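Geometric and topological summary
Single-letter residue listing:
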Amino acid sequence: MAADMFGQANEAYVDENYEKAVELYTKAIEVDGEKSEFFTKRAQTYIQLEQYMDAVADATKAVELDPNSSKAHLRKGVASFYLDEFESARESFVKGQELDSSEPLFARWIRKCDANLNLEEKEESGTVAEDGKPLVGAAGDSSPAPQPVTQTQPQAAAPPPVPKRHDWYQTETHVIVTVMIKGLKKEDVQVDYDASTLSAVFKQASGADYVLDLDLAHPIVKEQCITKVLSTKVEMKMKKSEGIRWQCLEGDGRPYQYAQWASGNEGASGVTQYPSSSTHKRDWNKIVADVNKEEKEEKTEGDAALNDFFQQIYSDGNEEVRKAMNKSFVESGGTVLSTNWKDIGKKKVDMKPPDGMEFKKWEQ
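Notes on the structure follow. (Residues numbered from 1 in each chain as written. Predicted model: local features only at pLDDT ≥ 70, side-chain atom pairs only at ≥ 80, totals over all residues. Heavy atoms only, no water.)

Description of the packing of helix H3 (residues 36–48) against helix H4 (residues 52–65)
As a reminder, the rule being used: For helices, the axis comes from a line fit to the C-alpha atoms of the stretch in contact; other axes are also lines fit to C-alpha atoms, and the angle between any two N-to-C directions lies between 0 and 180 degrees. Put simply, DSSP H or I for four residues or longer makes a helix, DSSP E for two residues or longer makes a strand, and each gets a number counted from the N terminus. Oblique is the label for any angle not under 35 degrees, not over 145, and not in the 65 to 115 range, which are roughly parallel, roughly antiparallel and roughly perpendicular in turn. Helix crossings get a hand from a simple test, with the near helix turned counterclockwise from the far one by less than a right angle marking a left-handed crossing and a clockwise turn marking a right-handed one. We call two residues contacting when some pair of their heavy atoms lies within 4.5 Å. Each residue is assigned to one of three groups, with Ala, Val, Leu, Ile, Met, Phe, Trp, Tyr, Cys and Pro labelled nonpolar, Asp, Glu, Lys and Arg labelled charged, and all others, Gly among them, labelled polar.
Running from N to C, H3 and H4 point in directions that differ by 160°, and their axes come no closer than 8 Å. The orientation of H3 with respect to H4, classified from their angle, is roughly antiparallel. Where H3 crosses over H4, the two elements pack in a sense that is left-handed. Where H3 abuts H4, its residues Ser-36, Phe-39, Thr-40, Arg-42, Ala-43, Tyr-46 and Ile-47 lie against Tyr-52, Asp-54, Ala-55, Asp-58, Ala-59, Lys-61, Ala-62 and Leu-65. Residues of the contact of H3 with H4, tallied by class, amount to 9 nonpolar, 2 polar and 4 charged.

What about the packing of aromatic side chains?
So the rule is basically this: Within 6.5 Å between ring centres, the rings of Phe, Tyr and Trp (the latter by its six-membered ring) count as paired, and their orientation is classed by plane angle as stacked under 30 degrees, edge-to-face over 60, tilted in between. The rule is simple: take the accessible area with a 1.4 Å probe, protein chains only, and divide by the maximum for that residue type; under 20% is buried, over 50% is exposed, in between is partly exposed. Any Lys NZ or Arg CZ that is within 6 Å of a ring centre and within 35 degrees of that ring's normal is treated as a charge sitting over the ring.
All chains considered together, the criterion is met by 10 aromatic pairs. Ring centres of Phe-6 and Tyr-25 lie 5.6 Å apart, and the angle between their planes is 50°; on these two criteria the pair is classed as tilted. Residue Phe-6 is found in helix H1 (residues 2–14), and its partner Tyr-25 is found in helix H2 (residues 18–31); the two are separated by 19 residues along the sequence. The buried category is assigned to Tyr-25, whose relative accessible area is 0%. Feature note: the residues Tyr-52, Phe-81, Tyr-82, Phe-86, Phe-93 and Trp-109 constitute an aromatic cluster, connected by ring pairs. A cation over an aromatic ring shows up here: Lys-112 above the ring of Trp-109, its NZ or CZ 4.4 Å from the ring centre.

As for the sheet that holds strand S7 (residues 234–240)
Where we set the bar: Paired strands, as defined in this entry, are two strands with at least two bridges between them according to DSSP.
Taken together, the 4 strands give an open sheet; going across it, the order is S1-S2-S7-S6, and neighbouring strands pair in antiparallel fashion. For this open sheet the edge positions go to strand S1 (166–170) and strand S6 (220–229), each flanked by a neighbour on one side alone. Each neighbouring strand pair of the sheet contributes to a mean axis angle of 20°, computed without reference to strand direction. Both strand S2 (residues 174–179) and S7 contribute to a ladder of 6 bridges, which runs antiparallel. Pairing of Val-177 across the sheet is with Met-236, part of S7.

Topic: the environment of Glu-103
Note the threshold: Any pair of N or O atoms that falls within 3.5 Å is considered a polar contact. Within protein, one atom must be able to donate a hydrogen and the other to accept it, and sequence-neighbouring residues count only if both atoms are side-chain atoms.
Relative to the assigned elements, Glu-103 resides in the loop between helix H6 (86–99) and helix H7 (104–125). Judged by relative accessible area, which is 7%, Glu-103 ranks as buried. C-alpha separation for the pair Glu-103 and Tyr-193, spaced 90 residues apart in sequence, amounts to 9.5 Å. When near neighbours in sequence (up to four residues on either side) are disregarded, Glu-103 contacts Lys-71, Thr-197 and Ser-199. A distance of 3.5 Å separates a polar atom in the side chain of Glu-103 from a polar atom in the side chain of Ser-199.

Concerning the sheet that holds strand S3 (residues 189–193)
Read from one edge of the open sheet, 3 strands run S3-S4-S5, paired in antiparallel fashion. Both outer strands of the open sheet, S3 and strand S5 (209–215), are each paired with one neighbouring strand and no more. Across the sheet, the mean angle separating the axes of adjacent strands is 5° when strand polarity is ignored. Strand direction decides the pairing type here: strand S4 (residues 197–203) and S5, joined by 7 bridges, are antiparallel. Of the residues in S5, the one forming a bridge with Ala-200 is Leu-212. Along the sheet face, helix H5 (residues 70–82) touches S4 and S5 and points at about 165° away from the line of S5.

Structure, rendered in structure tokens:
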């Protein structure tokens, strides 16, 4: 009974129906209140709902039931951090790191706590303001005192938070998790794969980090996982360690029917269907086609765009075009690229340095 409720709660969590998930986790706890994992998962759900005090209470209970649960310490630390209780948060992260040194999230959160604790110390000493900027006239500051300002400038409104959503689907060999956040750069995304976990942090324009922390239902091959940052989303492609169908993205403690993947799994309409946590039916053939189209239309800039252009010419060209491009590029030392084989095939291609430069042979 409790395990069934817990499994349904996990499915609601994956579907981002957090209110429903809390309700189901609570029912599971009412049936069996001695499972640390139940409180840990409800704490994570409270964090998603920004109910941090409830999350701390659940994570504390989870630690009491299982002091060796690194996940419980992580949840307690995250909730405490968002309550600005940085010392308490740091203690939780340090304890969790001692229990699981392979989890990179602990080191990252400890650095965040240290940064905020250092800022608090400077504020107390009067060397910085509450916004983190140095105070004029503080010790070590030689800036001249500002003149009185009679008119205050209106503060610019903070940008609205970016909508957050993740979804997943699977193929015979991979599980793909998608986070729908636009405009991220590669340096804004940090993803860590482990044998049974996925931990990711996305730096948003609003200044708030979106943290995705998943306990996967089945093992993955972390060395063969790929992260792809696109203009409208981030894709995390995880290699399955076994070619089996995943009934859900996250583990829920229930026994699974490990069905081997059957190729050509199509519905009555002929549309390929993959198991998913969602109740909505999706045309995965269309989704794959749209993804391929989006990747093809993804615009590059600078030298990368020029290189893509030449590669497209080469791949689309006939045999003579390719021979002309190869011959002209090699013989000219990379300074000439021609597609005209009738012209290039008759002569040796001379080197043509860019304007303002001259070619000199290297002398030993």
